[in-house]
Amino acid sequence: MPKKITLNDKGIEFLKKIQELSGETITLCDQCGTCSGGCPFVEDMDITPSQIMRKTMLGQTDVMDSKTMWICASCYTCTVRCPRMLDVSKVSEALRQVKLRQAIDKINIDDITPEDANELPSIAVVSAFRKFTG
Amino acid sequence: MKENIKIPYFPGCTLKTKAKNFEVSAIEASKMIGIELTEIPKWNCCGVVSSLSTDDLMKHIAPVRNLIRVQEMNDSGQANGNRLLTLCSMCFNSMKRTNQRVKNKPEDMKSINDFMYLEKDYLGGVEVIHYFELLDEEILGRIKEKSVKSLKDLKIAPYYGCMLLRPKDIGIDNPEEPSVMENLISSLGGKPVKWDAKSRCCGSYHTVNNKDIVINLAKGIIENARKSGADTIITSCPLCAFNLDNRQKEIIKKDHGFRTMPVFYFSQLMAVAFGLKEEFIGLDGNYIDPKPLLKEKKLI
Amino acid sequence: MSDTQKMVKVYVMGEAYMVPEGSTIVGAFEYAGFQLKRGVGCREGFCGACATVYREKGDYKLKGGLGCQTVVTDEMYIAQIPFVPADKPIYDMDEITPDAGTFMNLYPSVFRCVSCNTCTKACPQDIQVMDYIQAIIKGDIAEAANLSFDCIRCGLCALRCPAEIVQFNAAILAQRLYGKYIAPKSPELEVRANEIIEGKYVKELEELATMEKQKLVDKYYNREIKIS
């Protein structure tokens, strides 16, 4: 007999929020794993991109505690390969935004050492601030 | 023969600071093949890295401002044509994405125009292109013609990275099997290397606060190039260049047996092939000294 | 004040006061009975101490200006900004270089700029604030110094910035770097500096320092001003 999964209110609200911010219909994900298979960062992640999709789909808010969304660098490898035409990088961005919009930054901008400041190209610093501060 | 091309050009922050050698080599090499890059006035940040959430319009303001500069150049007759050219892959990606977004979503265009009430409205007429999109048969022919020093002994791995190819509707070539850089290398007389890592991410901005990720990825990319027989890697992105070139310093710290490999901006090899002065090639700006390799191949 | 003086209504921190038409914001404050100890200075538009934010009737825009230069309008809402908290790192001019890296280190927030131009709109000095911040990111320190030259550090730019940049302090750094490393050196300045070091003016200074007050005042008003 098929088992029906019912999301609680909090879960539904979370899924709705992430779908709204990302513009992606996350529930279309088939869990084929192509995104995780091609992700160049997957080794450094604690859960895979396809797990991010699954957990979000099921309204599991603990996905926010994972470091995966912060490791994702929006390289769009998953985006061009998803057979369901889903943009996983947008889902990562939505998850990051939920945290950043609570004024929780992922980088302390004062931590740049003088040595790094002499070496780093402007584009690296601008990019990191855009992705890691709200 | 087609006429010379004069095109509005957006440098971006890094071409004015750490990647001056990219800009000077590209401008000077382009002159040789009848392409004149006219820097747009009063440009600002390209809006990197493209903001991906549906409601975050603030981050799209910067690119739209730059597009308005091109629109103004056209209105005042300073430019002919609606194209804006970038050399940096990241500038290309973020400005093209924003342009596409405001063109496809009139409500976003209106919000941004309303917010920037001191600027003229952006009307959506500008097209953002990357330098490589100029390389049609005609221009490749000119490149072949102007190449006085043959790169035939130089095995070159074309590194596309992410921003030139993805996502599909932004990319300038097939995201899995691109060929535009190979065509350029062949026209310069060089040997394009077939390799696996040409569109693998270099780790991007993680280089700021998560260096180790970048070190591992860069090492993998360089070793893949080496294994595939490459002498050097070329790129059109100053962030990829930093991660692949400068970060080799960190790779060596972790792996003493690592063999370094010079990394060029594609335009530097154009300048080499065209026999330009060393100040136009800008070799001092490269971290891993490329001079021994170029001397060995009798190119300088 | 004559009986025919027209009065306008302004709201100071939310409370209504009637003040003479044509008053400046600082004037209106004082007419309304406030004694300003902070948030007022030269009253000539030079010192930058009297940053004010206000809204005018029928206009959705939150505007900024100098209290001593801005004339009140009827139904204006006013709040004085006595002080703008801003980080001010300590640096040694001999150890820094005129490039973007210096700002990455000392004012990293500059690199958060999203080019929204809110700073420029807030500036009472009509400075192209966003443009000089962008010039810093491009490493064009001379341009940043020149564009920000008229800044009087009122701090309104920093108050409005969504990226929390402290533009006015970054501008000082740009100007100092420009002065020390980029601007052409003046040979006359060096000559004069050497004269001072060698004590050419010591005697004259001592004379002034010990002079009776009235003599000093007379001397000041009768001083020779040479315009060459």
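Please read all numbers here as calculations on a predicted model, not as lab measurements.

**Digging into the overall build of chain B**
When you go through chain B residue by residue, the secondary structure sums to 13 helices and 8 strands. Taking 19 Å as the expected radius of gyration for a compact globule of 300 residues, we find that chain B reaches 19 Å, a close match to that expectation. Along the longest, intermediate and shortest principal axes, the C-alpha atoms of chain B span 55 × 50 × 30 Å. Relative to its full complement of 300 residues, chain B shows a buried share of 63%. Here the analysis covers contacts within chain B between residues at least 6 apart in sequence; of these, 77% occur between residues at least 24 apart. A total accessible area of about 11400 Å² is found for chain B, and carbon and sulfur atoms account for 48% of it. Across chain B, 44 positive and 38 negative side-chain charges occur, with their mean positions spaced 4 Å apart.

**Thoughts on the domain arrangement of chain B**
Residues and elements named next belong to chain B. In terms of domain boundaries, chain B breaks down into domain 1 (5–131) and domain 2 (138–296). For domain 1 versus domain 2, the separation of C-alpha centres amounts to 24 Å. Between domain 1 and domain 2, the contact holds 27 residues from the first and 32 residues from the second. There are 0 salt bridges connecting domain 1 and domain 2. Counting every contact that joins domain 1 to domain 2 gives 11 residue pairs in polar contact (both at pLDDT 80 or more). Those elements giving two or more residues to the side of domain 1 that touches domain 2 turn out to be α1 (20–32) and α3 (89–104). For the side of domain 1 that touches domain 2, a count of residues per class yields 16 nonpolar, 8 polar and 3 charged.

**Looking at the sheet that holds strand β2 (residues 15–20) of chain C**
Hydrogen bonding along the main chain pairs the strands of a sheet, whether they run parallel or antiparallel. Residue and element names in this part refer to chain C. Here we have 5 strands laid out as an open sheet, ordered β2-β1-β5-β3-β4, and mixed in their pairing. Bordering the open sheet on either side are β2 and β4 (63–66), each of which pairs with just one other strand. Neighbour to neighbour, the strand axes of the sheet diverge by 35° on average, direction disregarded. One ladder, built from 3 bridges, connects strand β1 (residues 7–12) with strand β5 (residues 76–80); its direction is parallel. Residue Val10 lies in a different strand from β5, and its bridge partner there is Met76.

**Focus: the packing of helix α2 (residues 61–75) of chain B against α3 of chain B**
Helix-helix packing is characterised by the crossing angle of the two axes and by the distance between the axes. Residue and element names in this part refer to chain B. At their nearest, the axes of α2 and α3 sit 9 Å apart, and the two run at 85° to each other. Judged by the inter-axis angle, α2 sits roughly perpendicular to α3. When α2 is examined against α3, the residues Pro63, Val64, Asn66 and Leu67 are found in contact with a partner set consisting of Met95, Thr98, Asn99 and Val102. When the residues that make up the contact of α2 with α3 are grouped by side-chain class, the tally is 5 nonpolar, 3 polar and no charged.

**A word on the interface of chain B and chain C**
Each partner contributes to the interface: chain B provides 15 residues, whereas chain C provides 17 residues. For the pair chain B and chain C, the two sides together bury roughly 1300 Å², of which 61% comes from carbon and sulfur. Of all residues in chain B, the largest losses of buried area upon contact with chain C belong to Met58, Arg65 and Tyr117 of chain B, amounting jointly to 32% of the total for that side. Counting across the chain B and chain C interface gives 1 salt bridge. Residues Lys42 of chain B and Asp131 of chain C are paired through a salt bridge, measuring 3.4 Å at the closest nitrogen-oxygen approach. Counting every contact that joins chain B to chain C gives 6 residue pairs in polar contact (both at pLDDT 80 or more).

**Side note on the pairing of strand β2 (residues 35–39) of chain B**
Residues and elements named next belong to chain B. Where strand β1 (residues 5–10) meets β2, 5 bridges bridge the pair, whose relative direction is parallel. Its bridge partner lying in β2, Pro8 is registered against Thr38. Following the backbone out of β1, through α1 and into the adjacent parallel β2, one traces a crossover that is right-handed.

**Brief notes about unusual backbone geometry**
Cis geometry is found at the peptide bond from Val48 of chain B to Val49 of chain B, where omega equals -15°. Structurally, Val49 of chain B is set in the loop between β2 and α2. Phi is positive for Glu75 of chain C, close to 70°, though the residue is something other than glycine. Given the relative accessible area of 23%, Glu75 of chain C is considered partly exposed. Even without a glycine there, the phi angle at Asp126 of chain C is positive, about 55°. Following the sequence through the fold, Asp126 of chain C ends up in the loop between α3 (118–122) and α4 (129–137). Judged by its relative accessible area of 66%, Asp126 of chain C falls in the exposed class.

**Describing the interface of chain B and chain A**
Taken together, the contacts link 44 residues of chain B with 43 residues of chain A. Our count for the contact surface shared by chain B and chain A stands at 5 salt bridges. The partner of Arg247 of chain B in a salt bridge is Glu119 of chain A, and the shortest N-O contact between them spans 3.8 Å. Linking chain B with chain A are 14 residue pairs in polar contact (both at pLDDT 80 or more), by the criterion used here. Counting residues per element, the ones that place at least two in the side of chain B that touches chain A are α3, α7 (206–209), α8 (211–227) and α9 (238–246) of chain B.

**Considering the pattern of salt bridges**
Under the definition given, this model contains 39 salt bridges over all chains. Salt-bridge contacts for Glu28 of chain B lead to Lys31 of chain B; the nearest nitrogen and oxygen are separated by 3.1 Å. Taken together, the residues span about one helical turn, with Glu28 of chain B and Lys31 of chain B both in helix α1 at a distance of 3 residues. Of the charged contacts in the structure, one is a salt bridge between Glu30 of chain C and Arg43 of chain C, with a shortest N-O distance of 2.7 Å. Of this pair, Glu30 of chain C sits in helix α1 (residues 25–31) while Arg43 of chain C sits in the loop between α1 and β3 (51–55), placing them 13 residues apart in sequence. Within this structure, Arg65, Arg69, Glu72 and Glu119 of chain B form a network of salt bridges that share partners.

Parameters at a glance
Residues numbered from 1 in each chain as written. Chains lettered and ligands numbered in written order. Predicted model: local features only at pLDDT ≥ 70, side-chain atom pairs only at ≥ 80, totals over all residues. Heavy atoms only, no water. Helix = DSSP H or I, 4+ residues; strand = E, 2+ residues; numbered from the N terminus. Rg over C-alpha atoms; globule rule 2.2 N^0.38 Å. Buried < 20%, exposed > 50% of the residue type's maximum accessible area, 1.4 Å probe, protein only. Contact = heavy atoms within 4.5 Å. Areas by Shrake-Rupley, 256 points an atom, 1.4 Å probe, with all protein chains shown as cover. Lys, Arg positive; Asp, Glu negative; His and termini not counted. Charge placed at Lys NZ, Arg CZ, Asp CG, Glu CD. Domains from an automatic or database assignment. Salt bridge = Lys/Arg side-chain N within 4 Å of Asp/Glu carboxyl O. Polar contact = N/O pair within 3.5 Å; in protein donor to acceptor, adjacent residues only side chain to side chain. Nonpolar A, V, L, I, M, F, W, Y, C, P; charged D, E, K, R; others polar. Pairing = 2+ DSSP bridges. Axes fitted to C-alpha atoms, helices over the stretch in contact; angles between N-to-C directions. Parallel < 35°, antiparallel > 145°, perpendicular 65-115°, else oblique. Buried area = accessible area lost by both parts, 1.4 Å probe. Right-handed = clockwise from strand over helix to strand, strands pointing away.

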